[in-house]
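Each chain is listed here by its residues.
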Amino acid sequence: KQEVTQIPAALSVPEGENLVLNCSFTDSAIYNLQWFRQDPGKGLTSLLLIQSSQREQTSGRLNASLDKSSGRSTLYIAASQPGDSATYLCALQSSNDYKLSFGAGTTVTVRA
Amino acid sequence: GAGVSQTPSNKVTEKGKYVELRCDPISGHTALYWYRQSLGQGPEFLIYFQGTGAADDSGLPNDRFFAVRPEGSVSTLKIQRTERGDSAVYLCASSFSQGGLKYFGPGTRLTVT
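One structure accompanies this document, and this report is about it. (Residues numbered from 1 in each chain as written. Chains lettered and ligands numbered in written order. Predicted model: local features only at pLDDT ≥ 70, side-chain atom pairs only at ≥ 80, totals over all residues. Heavy atoms only, no water.)

## A few points about the environment of Y31 of chain A
All names here are of chain A.
In step 1: Following the sequence through the fold, Y31 ends up in strand β4 (residues 30–38).
In step 2: Residue class for Y31 comes out partly exposed when judged on its relative accessible area of 38%.
In step 3: The sequence separation of Y31 and S53 amounts to 22 residues, and the corresponding C-alpha distance is 8.5 Å. (Helix = DSSP H or I, 4+ residues; strand = E, 2+ residues; numbered from the N terminus. Buried < 20%, exposed > 50% of the residue type's maximum accessible area, 1.4 Å probe, protein only.)

Right under this line is the structure:
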């Protein structure tokens, strides 16, 4: 069974600092990895999708990398803003499955 | 276009009652998923539909939980004899294909008193 871990569970940074969010997983036979944002009391907003054959994806200030051999993905958010405050979740779809296995998330607070 | 919608957004019910939660996926998405998220946790898989059929219901916790998708579009998650432990946010997601980008709805927050 795929186990997904996100460390740290919470992170507080001053505005303008770059954010680095980590996601580790136990089974490298993945189909894709998706990063989501969740605001309090809200659903999930997809940020980036990385296919198994890709090493990274970029969208604006966001960049996500994938290293299957080490079982890690990292989400970088450049020049953080208070509006980036949210919980960020990574989710993996295994090669032989269609379900997403989620980490518990990292709650980010960007202080103005 | 419209995203995934879920109704109601909040549902409070008494222990032992029956509830139905509705999900309207993005038009044209054949794959539909239900997840459950407890406080401070990531979502956990409940059931997956491909078209009208439940391709995988292995995540349903017990036989009090049932879901349907009769016409391959709207889905309803049904919970009988609700228990306090069923309190959670129930999320629905859809995708064009099972390997594609998954779009989540805003969720239904279920509280069983």
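From this point, the narrative continues.
## Points about the pairing of strand β3 (residues 19–24) of chain B
Residue and element names in this part refer to chain B.
In step 1: By the alternation rule, side chains of β3 split into V19, L21 and C23, which are all buried, and E20, R22 and D24, of which none is buried.
In step 2: Bridge analysis of strand β1 (residues 5–7) against β3 gives three bridges, and the strand direction is antiparallel. Along β3, the bridge assignment pairs S5 with D24.
In step 3: Pairing of β3 with strand β8 (residues 75–79), which is carried by five bridges, proceeds in the antiparallel orientation. Note that in β8 the partner of C23 across the bridge is S75. (Pairing = 2+ DSSP bridges.)

## A closer look at the pattern of salt bridges
In step 1: Per the counting criterion, the structure on display carries six salt bridges over all chains.
In step 2: Notably, a salt bridge pairs D56 of chain B with K99 of chain A, separated by 3.3 Å at the nearest N-O pair. Here D56 of chain B, found in strand β6 (residues 53–56), pairs with K99 of chain A, found in the loop between β9 (86–94) and β10 (100–102), and the two come from separate chains.
In step 3: Relative accessible area serves as the criterion here: at 11%, D56 of chain B is assigned to the buried category. (Salt bridge = Lys/Arg side-chain N within 4 Å of Asp/Glu carboxyl O.)

## Some remarks on the sheet that holds β1 of chain B
Residues and elements named next belong to chain B.
In step 1: Reading across the sheet, the four strands line up as β1-β3-β8-β7 and stay open at both edges, with antiparallel pairing between neighbours. Of all strands in the sheet, those bounded by a partner on one side alone are β1 and β7 (65–68). Taken pair by pair, the neighbouring strands of this sheet meet at an average axis angle of 15 degrees, ignoring direction.
In step 2: As paired elements, β7 and β8 share four bridges and run antiparallel to each other. Directly across from F65, in β8, lies its bridge partner I79. (Axes fitted to C-alpha atoms, helices over the stretch in contact; angles between N-to-C directions.)

## A few points about the interface of chain A and chain B
In step 1: Taken together, the contact between chain A and chain B spans 20 residues of the former and 21 residues of the latter.
In step 2: In this assembly, chain A packs against chain B so that about 1,500 Å² is buried in total across both faces, 56% of it on carbon and sulfur atoms.
In step 3: It is L44, Y98 and K99 of chain A that lose the most area in chain A upon contact with chain B, and together they represent 36% of the buried surface on that side.
In step 4: Taken together, the links from chain A to chain B amount to one salt bridge.
In step 5: Where chain A meets chain B, there are eight residue pairs in polar contact (both at pLDDT 80 or more).
In step 6: Of the residues forming the side of chain A that touches chain B, the biggest block, five residues, is contributed by β4 of chain A.
In step 7: Taken together, the residues of the side of chain A that touches chain B sort by class into nine nonpolar, nine polar and two charged. (Contact = heavy atoms within 4.5 Å. Buried area = accessible area lost by both parts, 1.4 Å probe. Polar contact = N/O pair within 3.5 Å; in protein donor to acceptor, adjacent residues only side chain to side chain. Nonpolar A, V, L, I, M, F, W, Y, C, P; charged D, E, K, R; others polar.)

## Brief notes about unusual backbone geometry
In step 1: Cis geometry marks the peptide bond from I7 of chain A to P8 of chain A; its omega dihedral reads 5 degrees.
In step 2: In this structure, P8 of chain A sits in the loop between β1 (4–7) and β2 (10–14).
In step 3: The step from T7 of chain B to P8 of chain B runs through a cis peptide bond, and the omega angle for that step is -10 degrees.
In step 4: Positionally, P8 of chain B belongs in the loop between β1 and β2 (10–13).
In step 5: One non-glycine residue, A79 of chain A, lies in positive phi territory at about 45 degrees.
In step 6: Phi is positive for R81 of chain B, close to 45 degrees, though the residue is something other than glycine.
In step 7: Mapped onto the fold, R81 of chain B is located in the loop between β8 and β9 (88–95).
In step 8: A relative accessible area of 45% places R81 of chain B in the partly exposed class.

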